[in-house]
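What follows is each chain in one-letter form.
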Amino acid sequence: MSEQDKIQLFENQKIRTAWDTEKEVWYFSVTDVIAVLTEQPTARGASLKQQLKEGGADKLLTNCQQLKMIASDGKRRATDVATTEQLLRIIQSIPSPKAEPFRLWLAEVGRERIEETIDPEQA
């Protein structure tokens, strides 16, 4: 799999992403997204994932895969990631006032990627 790591910003908060050029799919760091929606630091990612599992989202998280992404210490570490579709389903299970703005942001990220594909000079 060929990935292009990229940091995307949602309301000035970093979301680690990777673009798979072969599958043409975005992958988003699950802990980064959960941290944004719950307004908690990403260091609490493991406990946040546990809360999601207890809330019934364990099947969604089980289907997530792991990719090596740059961690806060600068090293590449295995990170749970989700596709846009998986992420939308996870977002549904998190009560947050940021859920709808985040969905709109996801749509914008997808639109930008489509435009880059059509016109590579925009990349």
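Right above here is the structure, for reference.
Residues numbered from 1 in each chain as written. Predicted model: local features only at pLDDT ≥ 70, side-chain atom pairs only at ≥ 80, totals over all residues. Heavy atoms only, no water.

S.K.: Would you take a moment to explain the pattern of salt bridges for this structure?
M.R.: Between side chains of opposite charge, a pair can form when the charged atoms approach closely. For the coordinates displayed, the defined rule picks out 4 salt bridges. Put simply, E11 and K98 hold a salt bridge, and the shortest N to O gap is 3.3 Å. Residue E11 is located in the loop between strand 1 (3-10) and strand 2 (13-20), and its partner K98 is located in the loop between helix 3 (84-92) and helix 4 (99-118); the two are separated by 87 residues in the primary sequence. Judged by its relative accessible area of 15%, K98 is buried. For R16, the salt bridge identified is with D32, shortest N-O distance 2.9 Å. One end of the pair, R16, is in strand 2; the other, D32, is in helix 1 (residues 30-38), and 16 residues separate them in sequence. A relative accessible area of 5% places D32 in the buried class. (Salt bridge = Lys/Arg side-chain N within 4 Å of Asp/Glu carboxyl O. Helix = DSSP H or I, 4+ residues; strand = E, 2+ residues; numbered from the N terminus. Buried < 20%, exposed > 50% of the residue type's maximum accessible area, 1.4 Å probe, protein only.)

S.K.: Which parts of the structure should I look at to understand the pairing of strand 2?
M.R.: Consecutive side chains of a regular strand alternate in pointing toward one face of the sheet and then the other. Judged by how many residues are buried, strand 2 sits mostly within the fold: 6 of 8 residues are covered. Pairing of strand 2 with strand 3 (residues 25-29), which is carried by 4 bridges, proceeds in the antiparallel orientation. Bridge pairing in strand 3 links D20 to V25. (Pairing = 2+ DSSP bridges.)

S.K.: What's the story with the environment of T83 in this structure? I'm lost.
M.R.: One can find T83 in strand 5 (residues 76-83). The buried category is assigned to T83, whose relative accessible area is 18%. Ignoring any residue separated from it by four or fewer positions in sequence, one finds T83 in contact with V25, W26 and Y27. (Contact = heavy atoms within 4.5 Å.)

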